[in-house]
Structure formats: C-alpha cells, structure tokens
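Read off the chains here:
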Amino acid sequence: MNRINDITDLVDDSSDSDDDTIVGHASSTRTIKHKNTNKTQQHTNGPSVFRLAVILVSLMAIIAAAGFGLLLVITENKKSSNSNATGGGGEEARALEQQELLEVAESVVTACSEEQLDIDMGPCQTICHASLCCFEEEEYSCEDDEDKECAVYAGCEALVYALDHVV
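This one's a predicted model, so the numbers in the text were calculated from it and none came from an experiment.

*Asks:* Before we go on, may I ask you to explain a nonpolar patch on the surface in this structure?
*Replies:* On the surface, Phe68, Leu71 and Leu72 cluster together into a nonpolar patch covering about 310 Å² of accessible area. Summarising the element assignment, phenylalanine 68 is placed in helix α1 (residues 49-88).

*Asks:* Any chance you could explain helix α2 (residues 91-111) here in plain terms?
*Replies:* Spacing of three or four residues puts side chains on the same side of an α-helix, whose turn is 3.6 residues. In a regular helix each residue adds 1.5 Å, so 21 residues correspond to 30 Å; α2 covers 30 Å between its end C-alpha atoms and thus fits that length. Of all the positions in α2, only Ala93, Val108 and Ala111 are classed as buried. Looking straight down α2, one finds that the buried residues subtend no more than 75 degrees of arc, so they occupy a single side. Exposed side chains of α2 directed beyond 90 degrees from the buried face belong to Glu91, Glu92, Val109 and Thr110.

*Asks:* Sorry, what's going on with the environment of serine 141 here?
*Replies:* With respect to the secondary-structure elements, serine 141 resides in the loop between α4 (122-128) and α5 (157-166). A sequence separation of ten residues divides serine 141 from serine 131, and the C-alpha atoms of the two residues are 9.9 Å apart. If we skip the residues at most four places from it in the chain, serine 141 touches Cys133, Cys134 and Glu136. Of the polar contacts made by the side chain of serine 141, one reaches the backbone oxygen of glutamate 136; its length is 3.4 Å.

*Asks:* So what exactly am I meant to see when it comes to the side chain of serine 131 here?
*Replies:* By the secondary structure assignment, serine 131 is in the loop between α4 and α5. Discounting residues that sit within four places of it in the chain, serine 131 has contacts with Tyr153 and Cys156.

*Asks:* Even after reading the chapter, I still don't get the nonpolar core, so can you show me in this structure?
*Replies:* Burial of nonpolar side chains together is a common tendency in soluble globular proteins. Residues Val108, Ala111, Cys112, Leu117, Cys124, Cys128, Val152, Tyr153, Cys156 and Leu159 constitute the largest nonpolar core, which totals ten residues. Taken together, the elements giving at least two residues each to this core come down to α2 and α4. In this structure cysteine 112 touches Leu117, Cys124, Cys128, Gly155, Cys156 and Ala158, once residues within four positions along its chain are discounted.

*Asks:* Hey, could you run me through the environment of cysteine 142 in this one?
*Replies:* Among the structural elements, cysteine 142 can be located in the loop between α4 and α5. Take cysteine 142: its relative accessible area is 11%, and that puts it in the buried class. Sequence-wise, cysteine 142 and serine 131 are eleven residues apart; in three dimensions their C-alpha atoms are separated by 8.3 Å.

What counts and how
Residues numbered from 1 in each chain as written. Predicted model: local features only at pLDDT ≥ 70, side-chain atom pairs only at ≥ 80, totals over all residues. Heavy atoms only, no water. Patch = residues over 30% accessible without salt bridge, like charges linked within 9 Å, V, L, I, M, F, W, Y side chains within 5 Å. Areas by Shrake-Rupley, 256 points an atom, 1.4 Å probe, with all protein chains shown as cover. Salt bridge = Lys/Arg side-chain N within 4 Å of Asp/Glu carboxyl O. Helix = DSSP H or I, 4+ residues; strand = E, 2+ residues; numbered from the N terminus. Expected span 1.5 Å × (residues − 1). Buried < 20%, exposed > 50% of the residue type's maximum accessible area, 1.4 Å probe, protein only. Arc of directions from axis to C-beta. Contact = heavy atoms within 4.5 Å. Polar contact = N/O pair within 3.5 Å; in protein donor to acceptor, adjacent residues only side chain to side chain. Core = buried A, V, L, I, M, F, W, Y, C linked by side-chain atoms within 4.5 Å.

Following this line, the structure appears as structure tokens:
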C-alpha cells in the first residue's frame, strides 16, 4: 500500500482532460461511442421536455388558483360592503335607507297627484306598477308584505281610484 506524502500525489498529471466534474453530480453532456460504428453522439442530461411541461403547467395552475382566490376575496368584500350599506352598517345605513324611501314616497305623491293624473298618467303608472298589489283586496293583496313597502307607495291609491272611475 502506497502512502500519500504530498497533495501532488493525488493529482493525476497523465490525463490531458481538464474536466471539472462535481462529485455526486452528473456532467451536463456525455459522449457515447457506438461499438459497430465510429460515430460518437453527445447526450445532454438537462431537464427533459416533459419535466419542463410539468413545471410550466404547475406554474400556470398556481397563477390561476391565486387569481381565483383574489376574485373570491374581492367579491366577498363587495358583498359585505353592500350589506353594510343596506342595513348591516348600523344607524347611518338605516338612515340612508329611510331617506331613499322618503324620496320615493315624495316622487309618488308628485307623479300621482290629481292634477298630474289629469295631464299624464304615465309617470305614476311607471312608479306604481310593482306596488299595485298593495291596493288589491283579499287573496291578491300584498299589503302585509314588508318587502313591498306599501306605506311608501300610498300615493298610488290615487291612480287606482282614477282607473276605477275611468272604466
């Protein structure tokens, strides 16, 4: 058994190759010599096309999932802000809603006044169309339905009265 005396004993100077290969890592190219022919081929050990495709598809899936997540967050925020504006936000939202109902009631009174009905029934009919059930009797009445806001459309009764007397 030979002893190593010097670091130069570890280096083999007989080789003219200056390959700096990393131990435990395959080189990026290798040369294969075929037995039957004198042809040599070089093969690369780089990433395969399949591996690149998988990486690309995975990256696209991550981007799509992140976009979908952002979309959900944005729509959730819009829903919560809308619910805050329509009654979930306390006294200020309730006051705003009552103000809007008051404005609708004023426009109903203006559009359905006797003088306006004598001139043109169109605006009153447009405003009151969805709430005419408030003035029906028995089974077709929606007077007890709070969603219909029958008190706001009380001025529409003039239209019902006018239509009853025209026919």
